[in-house]
Amino acid sequence: MSDLENHFGDDASLSEEDTKNILDFLLENSAEKSTKEVSVKVLNSIGNKDIIAITQTSFWKKEHKDIPKELFKNEKIKSKANCKACHTDIEKGLIEDDKIKDISSFM
Ligand code: HEC
């Protein structure tokens with residue numbers, strides 16, 4: 001949040017007020033503040049490594065190891081970061097097993 005001019009190759013800079021609001025939200029809703037099982041597993045798999053993307057954690061990689069790499073390039077998915085393409089309830093902060101799309105529907 002302190003270097004949004006260089007956000008994965010984009011300039012994502014915001015007003016001071018928006019930056020503060022988003023930062024407050026992120027801190028309030030971080031894995032460190034959550035007791036959800038997935039948050040704990042993600043945090044544990046980060047350890048003291050310098051990881052800035054959940055897709056780089058050993059936990060995420062392990063959970064998605066059976067998904068063929070080419071599938072993430074599918075036009076309906078486009079990127080590993082597009083969690084919503086497969087986890088239909090992720091915008092509610094949920095990753096329920098019965099809400100994961102059958103990946104064969106993309107093939
Ligand atoms: C191509 C579809 C796809 C995308 C994109 C995807 N996932 Fe998944 N994810 C799956 C599937 C399928 C599983 C279940 C794997 C299994 O059970 O073998 C899974 C499992 C998981 C789990 C474990 C669920 C549990 O109950 O323990 C988590 C957490 C998770 N994904 C988070 C994410 C996040 C966060 C993103 C985005 C950064 C993401 N996934 C992107 C398909 C996807």
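Residues numbered from 1 in each chain as written. Predicted model: local features only at pLDDT ≥ 70, side-chain atom pairs only at ≥ 80, totals over all residues. Heavy atoms only, no water.

Visitor: How would you sum up a negative patch on the surface? Please name residues and give values.
Guide: On the surface, a cluster of negative charge is contributed by D3, E5, D10 and D11. Assignment of secondary structure puts E5 in the segment before α1 (16-28). On the basis of relative accessibility, which here comes to 44%, the residue E5 falls in the partly exposed class. (Patch = residues over 30% accessible without salt bridge, like charges linked within 9 Å, V, L, I, M, F, W, Y side chains within 5 Å. Areas by Shrake-Rupley, 256 points an atom, 1.4 Å probe, with all protein chains shown as cover. Salt bridge = Lys/Arg side-chain N within 4 Å of Asp/Glu carboxyl O. Lys, Arg positive; Asp, Glu negative; His and termini not counted. Charge placed at Lys NZ, Arg CZ, Asp CG, Glu CD. Helix = DSSP H or I, 4+ residues; strand = E, 2+ residues; numbered from the N terminus. Buried < 20%, exposed > 50% of the residue type's maximum accessible area, 1.4 Å probe, protein only.)

Visitor: Residues and numbers for the coordination of the iron atom of the ligand, please.
Guide: Coordination of the iron atom of the ligand by the protein involves H64 (NE2) and H87 (NE2), with metal-donor separations of 1.9 to 2.0 Å. Taken together, the 6 donor atoms coordinating the iron atom of the ligand and their angles of 88 to 179° define a geometry best described as octahedral. Here H64 is found in the segment after α3 (58-63), whereas its partner H87 is found in the segment after α3, with 23 residues between them in sequence. (Donors = N, O, S within 2.8 Å, 3.2 Å for Na, K, Ca; no water. Tetrahedral: all angles 85-135°; square planar, octahedral: opposite > 155°, others 65-115°.)

Visitor: Summarise the packing of aromatic side chains; cite the residues concerned and give the values.
Guide: Under the defined criterion, the tally for this structure stands at 1 aromatic pair. Ring centres of W60 and F72 lie 5.9 Å apart, and the angle between their planes is 45°; on these two criteria the pair is classed as tilted. Of this pair, W60 sits in helix α3 while F72 sits in the segment after α3; the two residues are 12 residues apart in sequence, bridging distant segments of the chain. Both residues of the pair, W60 and F72, belong to the buried class. (Phe/Tyr/Trp six-rings, centres within 6.5 Å; stacked < 30°, edge-to-face > 60°.)

Visitor: With reference to specific residues and values, describe the site of the ligand.
Guide: In the neighbourhood of the ligand, 19 residues make up the surrounding shell, with H64, C83, C86, H87 and D97 lying closest. Taking H87, its side chain carries an N or O atom lying 2.8 Å from a nitrogen atom of the ligand. In the model, an oxygen atom of the ligand is placed 3.0 Å from a nitrogen or oxygen of the D97 side chain. Broken down by element, the residue count for the shell around the ligand peaks at 3 residues, all from α3. Partitioned by chemical class, the residues of the shell around the ligand number 12 nonpolar, 4 polar and 3 charged. (Near = heavy atom within 4 Å. Polar contact = N/O pair within 3.5 Å; in protein donor to acceptor, adjacent residues only side chain to side chain. Nonpolar A, V, L, I, M, F, W, Y, C, P; charged D, E, K, R; others polar.)

Visitor: Tell me about the environment of K41, and please be specific about residues and values.
Guide: Note that K41 resides in helix α2 (residues 37-46). Note: C-alpha distance between K41 and A31 (10 residues apart in sequence) is 9.4 Å.

Visitor: Please give an account of the confidence of the model for the protein chain that cites residues and values.
Guide: Reading predicted coordinates in detail is not appropriate for stretches of low pLDDT. On average, residues of the protein chain score 92 in pLDDT, and 100% of them are at 70 or above. At the low end of the mean pLDDT range in the protein chain sits α2, at 92; at the high end sits α3, at 96. (pLDDT = per-residue confidence, 0-100.)

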